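Structure assessment
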Amino acid sequence: MGFLAEDRMLFRNEWGTPTYDRVLTRAKKRNDEESASGSDSTTGIDLAAAKKAYLATKKTIPLYIGLATGFCGSFTSFSTFIRDVFLAMSNDIVAPGFGTTAQSRNGGYSFMAMLAVIITTVGLSLAGLVFGAHLAIATESIIPSIPYNVARKVLDPLFVLLGWGCWLGAVLMSIFPPHDQWRGQATFALVFAPLGCLARFYLAIYLNGKMASFPLGTFAANVLGTAVLGMAWDVAHIPSGGVIGCQVLQGVEDGFCGCLTTVSTWVAELNSLRRRHSYIYGATSVVVSFAVMVLIMGGLRWTDGWAALLC
């Protein structure tokens, strides 16, 4: 996500016109003229405005939307992150080498494990975002630019065909799987994934512009996806529904909820907001989502308890 947001070469010919290059050239020329005359330079302001305008333009390019919103947004899951926060707090994360049950420990260790999941996930995600941005700048001289006609006439139709074809293939493999366990491991998740990704995309379009300091669309997608994952987790851990029902719920968790919620877009927004707004937005997202998960998953965990999965 950091690479795509900072990159100025892949989509240099945005809608057929390399506008960013033109602004960059004019800004450098003005900087040279102002340096020669001894006046204060305004190049930084011009470049910042050009970069912002260029990013806004990229967000209208289908291939960029597919890579950023589709791939990066779906590859990272905010709902799974919050689920792991809850499992760490409730001492239900199973450590490698200790069998299938969590080890008994003092509640203070569970609290520290919860903080560790939060700090590690947010810290590494922000670091990855910055590293990707630096990588885009460092490789700018060797990154090719995609010609406008190639993107519109070849790549866009190709990816639409591949997208529909792979989704229909996942549906067929869910109906006639080579192995029954494939349904829970992959195919049901692939069937439900586009629904979550499209829901997040339209929530962002209609709600993110409501408040400049608080991306309401991403927040709503993350909280809603967390709630759905918590409910699916609870239903899957009730001994009913059989193996197929358990596999469908696993597909909802991994596919629909995993693609409805996003960490990459969330940390990109944290990085772009002003410091105070960033802390408010980040803390509110984690606290509200965690509270929802405690209400949903904790309600069953601390009453009847979770039964073993059937799938």
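Residues numbered from 1 in each chain as written. Predicted model: local features only at pLDDT ≥ 70, side-chain atom pairs only at ≥ 80, totals over all residues. Heavy atoms only, no water.

As recorded in an unreviewed UniProt entry, the protein chain goes by the name CrcB-like protein, listed as coming from Pochonia chlamydosporia 170. Annotation of the protein chain in UniProt includes, under Function (unreviewed entry), the sentence "Fluoride channel required for the rapid expulsion of cytoplasmic fluoride." Regarding the protein chain, the relevant UniProt record gives this comment under Subcellular location (unreviewed entry): "Cell membrane". (UniProt positions renumbered as here; feature names shortened; annotations may be inferred.)

Structural remark: α-helix, 3.6 residues per turn; residues separated by three or four positions point the same way. Between its first and last C-alpha, helix α7 (residues 148-175) extends 40 Å over 28 residues, near the 40 Å set by a 1.5 Å rise per residue. In α7, a bend of some 30° at Leu155 exceeds every other bend along the element, and Pro157, a proline, comes one to four places later. Taken as a whole, α7 has its buried residues at Ala151, Arg152, Leu155, Asp156, Ala170 and Ser174. In this structure, the buried residues of α7 make contact with α4 (62-75) and α8 (181-207). (Helix = DSSP H or I, 4+ residues; strand = E, 2+ residues; numbered from the N terminus. Expected span 1.5 Å × (residues − 1). Bend = angle between axes of the 7 residues up to and from the residue. Buried < 20%, exposed > 50% of the residue type's maximum accessible area, 1.4 Å probe, protein only. Contact = heavy atoms within 4.5 Å.)

Attention shifts here to the nonpolar core. Phe78, Phe81, Val85, Ile118, Trp266, Tyr281 and Val286 are the most contacted members of the largest nonpolar core, which has 38 residues in total. Secondary structure elements with two or more residues in this core: α5 (78-89), α6 (107-138), α9 (216-236), α10 (242-260), α11 (264-272) and α12 (275-301). Sort the elements by how many residues they give to this core and α9 lands first, with 9 residues. Listed in part, the 14 residues of the second largest apolar core include Met9, Tyr64, Ile143 and Leu155. (Core = buried A, V, L, I, M, F, W, Y, C linked by side-chain atoms within 4.5 Å.)

Right, let's get into the pattern of salt bridges. Note that side chains of opposite charge can pair when their charged atoms are close. One pass over the full model with this rule turns up 6 salt bridges. Between Arg83 and Asp84 there is a salt bridge, with the nearest N and O atoms lying 3.3 Å from each other. By relative accessible area, which is 25% here, Asp84 ends up partly exposed. The shortest N-O distance in the salt bridge between Asp180 and Arg183 comes to 3.7 Å. With a relative accessible area of 12%, Arg183 lands in the buried category. Each of Glu6, Arg8 and Glu140 takes part in salt bridges that share partners, so that together they form one network. (Salt bridge = Lys/Arg side-chain N within 4 Å of Asp/Glu carboxyl O.)

Judged by side-chain polarity, Tyr109, Phe111, Met112, Leu115 and Ile119 come together as a nonpolar surface patch covering roughly 540 Å² of accessible area. You can see Leu115 is positioned in helix α6. Using a relative accessible area of 34% as the deciding quantity, one classes Leu115 as partly exposed. (Patch = residues over 30% accessible without salt bridge, like charges linked within 9 Å, V, L, I, M, F, W, Y side chains within 5 Å. Areas by Shrake-Rupley, 256 points an atom, 1.4 Å probe, with all protein chains shown as cover.)

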